[in-house]
Amino acid sequence: MSLPPDYSNEISALNREILKAQPSDVLQFCANFFLRRLESQRAEFLLSQQHSSQKGGGMAESTFPGNNPFGTSPSSGIITSGMHRLEEEEENDTIASPTASSFPRTNMENSQANKSGEGSFGNFGGFQASTNRSQGLKSQPPSAMDSQSFPSNYNMNRRTSVSAESLNPTSSLHDNWTPPYHQKTSEQQARLRAAVSGNFLFSHLDDEQSAQVLGALQEKPIPTKGIKVIQQGDVGDYFYVVENGAFDIFVNKSGKLEAGPDGLGTKVGSVGPGGSFGELALMYNAPRAATVTSTEPSTLWALDRVTFRRILMDSAFQRRRMYEGFLEEVPLLSSLTPYERSKIADALETRKFPAGTTIIKEGDVGESFFILESGEAEVYKRGIDKAVNRYKKGDYFGELALLNDAPRAASVISTTEVKVATLGKDGFQRLLGPVEGIMRRNDPSKLGMDDGVDPLAKGR
Amino acid sequence: MATAVVHKLLHHDRSNRESSSQPNQSSPPAQNDQDMAAMDRDRDEEKHMLAQWEVKRPLSPAQIAVDTNQKMVGHSSRVLRQEDFELIKTLGTGTFARVWLVRLTNPKDGDQNKVFALKILRKVDVIRLKQVEHVRNERNVLAAVAGHPFITTMVASFQDTDSLYMLLDYCPGGEVFSYLRRARRFNEPTSQFYAAEIVLILEFLHEKEGVAYRDLKPENILIDAEGHLKLVDFGFAKKVDNRETYTLCGTPEYLAPEVIRNTGHGCAVDWWAFGILVYEFLVGQPPFWDQNPMKIYEQIVEGRVRYPSAMSPDARDLISGLCTVDTSKRLGNIKGGAGAVKAHSWFRNIDWDALYHRKVQGPIVPHLRGPADTRNFDEYEPEPEGREEYGPEMRERWDDCFTDF
Ligand SMILES: Nc1ncnc2c1ncn2[C@@H]1O[C@H](COP(=O)(O)OP(=O)(O)OP(=O)(O)O)[C@@H](O)[C@H]1O
Ligand SMILES: [Mg+2]
């Protein structure tokens, strides 16, 4: 007989409370705890009842089976006059958090950040103008928090879905798409790089992607003041970076730019050199959240969504196919299904090493396996003073580490700058289970080792 | 209605249901009255068959895999048309579709009470919003999965000159979303029950069908008359098998990091969204939120979930396993697949087999006055008048894309 799960949950919650509070009067503390739990559950029930009675249906008439803690006799012992109070407590979520006030207020960081942004431009949904400010919110709150610290302004409405135009990499193999390239001076490049550095959409790019994206930004002169670069409510396809000049940002409460002198709405901010706006357009086609007009002759850099996403897609696609191709050549992994191979390819991590780096060292315990993606490396064995082998693109080494903890049989040292794709034994096992099981699919006698190993890992 | 006549001319030749999964070659419209009469007989028969179809016992995964032409549900009908259904009330509207509660017109004896949900998409809107590919995926995936106990059954699909139709079984309980917002959050047993039924759906879609669903959220999960879940809206579902795909789609709060970063995504996005869903069940709102969508995406890519102190350690462990940015470490995507999720201790009280066979009672069983009761649905604005026409040039260019219907 096992204890009912609800009971165990309650008790472990109580245990946590006791550990936290270290009460001197244990019995009183426990009694209080259970009273609070009871109160909040009933409040929850009342809340649902109250809401549903507005519609004359729903939860109030729903049947709750026995395993529902407030299902059995919900009305017994509830004093209706206390409802308001109870409801408030439920909002504050007293469940298992009597020590709530002792929680560091850093929990509030996010919501405060929101507040300070209120009335300024950053908070108008879908639109963000970034001046080149640094991202000050990086210090993270602790992982636990209380529900009070939630931004209470969460939008409770039904949410609609979003989607971008379909992107298909396979066709790109045939039409051989290359991103547009617009020449820039090195100062311009540096300015652009700085302008987008704070934007998370750009901060994950590798060097090649970054070069392609910066190259694709197109200069867009704005000849006079008063030009509406983007209009609130319109479909958005471009992201802009300000090279020089100045722009004002307006939001009309109606949600779109309207005709007439006040059609722009209220001014909520302005952007100058190094600033950017309209980045949601790089994700999908959402209506613009603001109108942006020039206040003097200016210059912008523009990048459209399809170009941006295609650059990311193509490089990801090529990388995956290249890794899958490399993996096919590894005899140890020859029995992987294409599905498994693509999972491993997805998990491979890219790393760069300068020339002269010892990537693996003879005698060390091996933990990862490597594929040479670019550059060259040499293999050395103790006691032999010249290289015993030479690796180039597509060669792999250290794969025995996936199989056992035997020491590395040789050292591998890069002779040029190299890029390797690497995966650890634990990463491999997490995805597909022990590699032994996979090898046995081919030939059960091949290994002749350690018969205790799980033959499992059908994969799927 | 003028369109009805056109429609008749266009479609009554296509009564050969057997070839329905093939794109059908249009033969010239039949000219004579005999054909017309045969056509009407086919229609009546088909309507009767639809009315008789019921979700008595769920099909097993093997039975679902049977060709849609033999399954009796999920076929592309060459005879049905809008006039066969009386539109009673709007059940919901989405970005490009309107879903109606409908009843058969001129029903046979005994079929009078049968109602359905009819999802109507206007071809113009589908084209304008660049959803042609998605709508085709939706129909074909729904046809393939028809019969699963927790997925809304597409009984049939058809089209006329300007619209596409999907006839679905009606789920009178309404959206889980409405219950969740009303209750503010679900307690643990309720959350576990609904989450467990979703796990069975994802297991089936991913591991039996190779389909990524890509739009998991409480709005797309309905409750049927018996209190079990039905997943609706397969607008973004796609058969991906083992290839990654790149088109960004979903709902902002539920997008997985790899979708935002466009590094290629697959079924693993559903496990991420499933973690968000469980969180929203237990807490009442999703973990990543801001008024500015770009800020939501920034948080998602960062992937730091904060948990209320009241959340049980098991729930926390499950959610953090699912909402793991690195897909090679994400629960559901790692070794064991859905099985690893089912084995998680948060689900230790679930009898998975009984659950699949709908033997476990759900926490909310809607009380209904009859099969056509719509009290669990909100009111919606009537359809706007005077919308763009699906003209001859558009038909010329696009109609080939819709032959699956
Ligand atoms: N079988 C059904 N029974 C009852 N109601 C339904 C059914 N199918 C859909 N609905 C209702 O209609 C709404 C819209 O349907 P659906 O989500 O399929 O449309 P959509 O246009 O694809 O929406 P979205 O904006 O989410 O993409 C649902 O949220 C639901 O409330
Ligand atoms: Mg929907």
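Residues numbered from 1 in each chain as written. Chains lettered and ligands numbered in written order. Predicted model: local features only at pLDDT ≥ 70, side-chain atom pairs only at ≥ 80, totals over all residues. Heavy atoms only, no water.

Chain B appears in an unreviewed UniProt entry as cAMP-dependent protein kinase from Glonium stellatum. One UniProt comment on chain B, placed under Sequence similarities (unreviewed entry), says "Belongs to the protein kinase superfamily." (UniProt positions renumbered as here; feature names shortened; annotations may be inferred.)

Taking an unreviewed UniProt entry as the reference, chain A is identified by name as cAMP-dependent protein kinase regulatory subunit belonging to Glonium stellatum. Per its UniProt entry, chain A bears the Sequence similarities (unreviewed entry) comment "Belongs to the cAMP-dependent kinase regulatory chain family." What UniProt records for chain A under Subunit (unreviewed entry) is the sentence "Tetramer, composed of 2 regulatory (R) and 2 catalytic (C) subunits. In the presence of cAMP it dissociates into 2 active monomeric C subunits and an R dimer."

1. Focus on the sheet that holds strand E18 (residues 418-424) of chain A
Residue and element names in this part refer to chain A. If you walk across this open sheet you meet the 4 strands as E11-E18-E13-E16, and the pairing is antiparallel. On the outer flanks of this sheet lie strand E11 (349-353) and strand E16 (396-397), each paired with one strand and no other. Strand direction decides the pairing type here: strand E13 (residues 368-374) and E16, joined by 2 bridges, are antiparallel. Each bridged residue has a counterpart across the sheet, and for Phe370 the counterpart in E16 is Phe397. (Pairing = 2+ DSSP bridges. Helix = DSSP H or I, 4+ residues; strand = E, 2+ residues; numbered from the N terminus.)

2. Focus: the coordination of the magnesium ion (ligand 2)
Coordination of the magnesium ion (ligand 2) by the protein involves B:Asn220 (OD1) and B:Asp233 (OD), with metal-donor separations of 2.3 to 2.4 Å. Here B:Asn220, found in the loop between strand E7 (211-212) and strand E8 (221-223), pairs with B:Asp233, found in the loop between strand E9 (229-231) and strand E10 (238-239); they are 13 residues apart in sequence, far enough to count as distant. (Donors = N, O, S within 2.8 Å, 3.2 Å for Na, K, Ca; no water.)

3. Thoughts on the site of ligand 1
Near ligand 1 there are 24 residues, and of these A:Arg158, B:Thr95, B:Lys119, B:Glu175 and B:Asp233 occur at the shortest range. Between ligand 1 and the protein, one listed contact pairs a nitrogen atom with a side-chain N or O atom of B:Thr152 at 3.5 Å. Here a nitrogen atom of ligand 1 and a backbone polar atom of B:Cys171 are 3.1 Å apart. Counting only elements with at least two residues in the shell around ligand 1, the list comes to strand E2 (85-93), strand E3 (97-104), strand E4 (115-122) and strand E6 (163-169) of chain B. When grouped by side-chain class, the residues that make up the shell around ligand 1 number 11 nonpolar, 6 polar and 7 charged. (Near = heavy atom within 4 Å. Polar contact = N/O pair within 3.5 Å; in protein donor to acceptor, adjacent residues only side chain to side chain. Nonpolar A, V, L, I, M, F, W, Y, C, P; charged D, E, K, R; others polar.)

4. Side note on the UniProt feature "binding site: ATP" (unreviewed entry) in chain B
Residues and elements named next belong to chain B. The sites that carry the UniProt feature "binding site: ATP" (unreviewed entry) are, in the present numbering, Lys119. Other than its neighbours up to four places away in sequence, Lys119 contacts Ala97, Arg98, Val99, Glu138, Leu164, Tyr165, Met166, Leu168 and Asp233. Side-chain polar atoms of Lys119 contact the side chain of Glu138, separated by 2.9 Å. (Contact = heavy atoms within 4.5 Å.)

5. Here we look at the pattern of salt bridges
For the coordinates displayed, the defined rule picks out 35 salt bridges over all chains. When the shortest N-O distance is used, the salt bridge between B:Lys119 and B:Asp233 registers 3.6 Å. One end of the pair, B:Lys119, is in strand E4; the other, B:Asp233, is in the loop between E9 and E10, and 114 residues separate them in sequence. Linking B:Lys329 and B:Asp326 is a salt bridge whose minimum nitrogen-to-oxygen distance equals 3.6 Å. Overall, B:Asp326 belongs to the partly exposed group, its relative accessible area being 34%. Among the charged side chains, a network of salt bridges with common partners joins A:Arg320, A:Arg321, A:Glu324, A:Asp346 and B:Glu244. (Salt bridge = Lys/Arg side-chain N within 4 Å of Asp/Glu carboxyl O. Buried < 20%, exposed > 50% of the residue type's maximum accessible area, 1.4 Å probe, protein only.)

6. Considerations on the UniProt feature "binding site: 3',5'-cyclic AMP 2" (unreviewed entry) in chain A
Residues and elements named next belong to chain A. Taking the UniProt record as the reference, the feature "binding site: 3',5'-cyclic AMP 2" (unreviewed entry) is found at Glu399 and Arg408. Those residues in contact with Glu399, other than ones at most four positions away along the chain, are Leu332 and Phe369. Tracing the sequence through the fold places Arg408 in the loop between E16 and strand E17 (411-414). Note on Arg408: relative accessible area 12%, which makes it buried. Residues within four places of Arg408 in sequence aside, it is in contact with Ile360, Lys361, Glu362, Gly363, Asp364, Gly366, Glu367, Ser368, Phe370, Gly398 and Ala401. Reaching out from Arg408, the side chain makes a polar contact with the backbone oxygen of Ser368 at a distance of 2.8 Å.

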